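# Observations on the three-dimensional arrangement
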Amino acid sequence: MARVVLRDFNKFYGDFHAVRDLNIEIPDREFAVLVGPSGCGKTTTLRAIAGLESVSSGEIWIGDRMVNRVYPKDRNIAMVFQSYALYPHMTVYENMAFGLKLRKTPPGEIRERVNEAASILGIEELLGRKPRQLSGGQRQRVAVGRAIVRKPEVFLFDEPLSNLDAQLRVAMRAEISKLHKRLGATVIYVTHDQVEAMTMATTMFVMKDGLLQQAGHPLQIYRKPERAFVAGFIGSPAINFFPLPLEKDAGGRRFLQFPGNRIDVEQGAAEGVETVLTGLRPEDFETAASDERSLRVEAIPEVVEFLGDESYVHFTCMGRNTIAKLRSSVPAEVGKPLTLCINHSRLHFFDASTGARLELATL
Ligand SMILES: Nc1ncnc2c1ncn2[C@@H]1O[C@H](COP(=O)(O)OP(=O)(O)O)[C@@H](O)[C@H]1O
Ligand SMILES: [Mg+2]
């Protein structure tokens, strides 16, 4: 198996700079997920790794080889496309065997590999069918099977679950994770869905506008987003943001004014910052103060959504739609004031003008 490294990878389509100075290193057997909004350059990057897209500048390494000039078929990778790209006139068996035939694999070995992959994926009974006789989930499995039979060093997946319904997506998510462990291969998986990325990745790469925003373990990124964009993109419901001016009182002490609360910040920190984008995740609202410095917010619920064990309580705070995720046992009713508390340690601070995270100690 193999590690994959991109060094200063750039991709231009004419004048358009689709991917900018991308540096990523994916260790052997990792489940790496590239995640970001549509158009941020995920497919372009994946196709460049596969050799289906040229490299404008930089290097792509698979294992110990720089593959910039290596043909796709010689890269020892297999890609599963969003569209599945199955041949409609071929049976499932023929679809899975096709790539091996092209590579002149002996017929006995082809049979063995296709049967093995079919058994791993539980699609033995479907081998004689044509793609149009399959459900979306079954087609998806065939597309994965076609990749497995190749026994590649690296699997590339481009949004393989986006055509499936929500329930099947959740099931396939877990199946692909299990498959990854079973095959012991390196996987690079592309999705715009942050929940998919969070649940599947061992390393996550968050991209925006062709630029890498943050890389790391999903939990690490969730707990410590380095940019406001990442904080807003990862997490559902999304983090609540409040832009607060960094003010100075008559005594020269600096503070953020939150409705009914003053948050004093240490001297010298965030010098030159005018507005602090203050973030609080919906689950970080508390119903009782956990600390004597905790902020208190009067919330008037406008909508209460019950999800079973928890509820999303929508209210307006500083003129902004705000969501608190509370246990359903908390009596939240539309129109009935509810006191919520915020522990300082749960606040995330960003420079509103640059989006960069601020390490702002509060007093
Ligand atoms: N063949 C192409 N020619 C010109 N622009 C392209 C081409 N392919 C992709 N792009 C542009 O490059 C950007 C990144 O595309 P893509 O990698 O497909 O994004 P993603 O997969 O993250 O949605 C988009 O703005 C897209 O319009
Ligand atoms: Mg794409």
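Rules of the game
Residues numbered from 1 in each chain as written. Chains lettered and ligands numbered in written order. Predicted model: local features only at pLDDT ≥ 70, side-chain atom pairs only at ≥ 80, totals over all residues. Heavy atoms only, no water. Salt bridge = Lys/Arg side-chain N within 4 Å of Asp/Glu carboxyl O. Helix = DSSP H or I, 4+ residues; strand = E, 2+ residues; numbered from the N terminus. Buried < 20%, exposed > 50% of the residue type's maximum accessible area, 1.4 Å probe, protein only. Pairing = 2+ DSSP bridges. Axes fitted to C-alpha atoms, helices over the stretch in contact; angles between N-to-C directions. Domains from an automatic or database assignment. Buried area = accessible area lost by both parts, 1.4 Å probe. Polar contact = N/O pair within 3.5 Å; in protein donor to acceptor, adjacent residues only side chain to side chain. Nonpolar A, V, L, I, M, F, W, Y, C, P; charged D, E, K, R; others polar. Phe/Tyr/Trp six-rings, centres within 6.5 Å; stacked < 30°, edge-to-face > 60°.

This part covers the pattern of salt bridges. Following the criterion strictly, the structure yields 20 salt bridges and no others. Its salt-bridge partner being Glu109, residue Arg113 comes within 2.7 Å of it at the nearest N-O pair. Of this pair, Arg113 and Glu109 both sit in helix H3 (residues 107-121), 4 residues apart, roughly one helical turn. Put simply, Arg293 and Asp291 hold a salt bridge, and the shortest N to O gap is 3.9 Å. Taking the relative accessible area as the measure of exposure, Arg293 reaches 34% and is therefore partly exposed. On the basis of relative accessibility, which here comes to 27%, the residue Asp291 falls in the partly exposed class. Three or more residues are tied together by salt bridges with common partners; here these are Asp249, Arg253, Arg262 and Asp264.

Another aspect to go through is the sheet that holds strand S17 (residues 303-306). The strand order across the open sheet built from 3 strands is S17-S18-S19, with neighbouring strands paired in antiparallel fashion. With partners counted over all chains shown, the strands left at the sheet margins are S17 and strand S19 (320-327), one partner each. Direction aside, the axes of adjacent strands within the sheet are offset by 20 degrees on average.

Below, the discussion takes up the domain arrangement of the chain. Looking at the assigned domains, one finds that the chain contains domain 1 (4-230) and domain 2 (239-351). On a C-alpha basis, the centres of domain 1 and domain 2 stand 40 Å from each other. Considering only the side of domain 1, the residues that lose the most area to domain 2 are Tyr222, Pro225 and Ala228, jointly responsible for 85% of the buried surface there. Across the domain 1-domain 2 interface, the total number found is 0 salt bridges. Run the count over domain 1 and domain 2 and you get 2 residue pairs in polar contact (both at pLDDT 80 or more). Tallied by class, the residues present in the side of domain 1 that touches domain 2 amount to 3 nonpolar, no polar and 3 charged.

Moving on to the packing of aromatic side chains. This structure, assessed with the given rule, holds 8 aromatic pairs. Aromatic side chains Tyr87 and Phe98 sit 4.9 Å apart centroid to centroid with 65 degrees between the ring planes, which places their arrangement in the edge-to-face category. Of this pair, Tyr87 sits in the loop between strand S6 (77-80) and helix H2 (92-102) while Phe98 sits in helix H2, and the two are 11 residues apart along the sequence. Residue class for Phe98 comes out partly exposed when judged on its relative accessible area of 26%. Where Phe241 meets Phe350, the ring centres are 6.1 Å apart and the plane angle is 80 degrees; that geometry is what we call edge-to-face. Highlighted residues: Phe241 in strand S11 (residues 240-248) and Phe350 in strand S21 (residues 348-351), separated in sequence by 109 residues. Pair check on accessibility: Phe241 and Phe350 agree, each one buried. Cluster of aromatic residues (ring-pair linked, three or more members): Phe31, Phe155, Phe157 and Tyr189.

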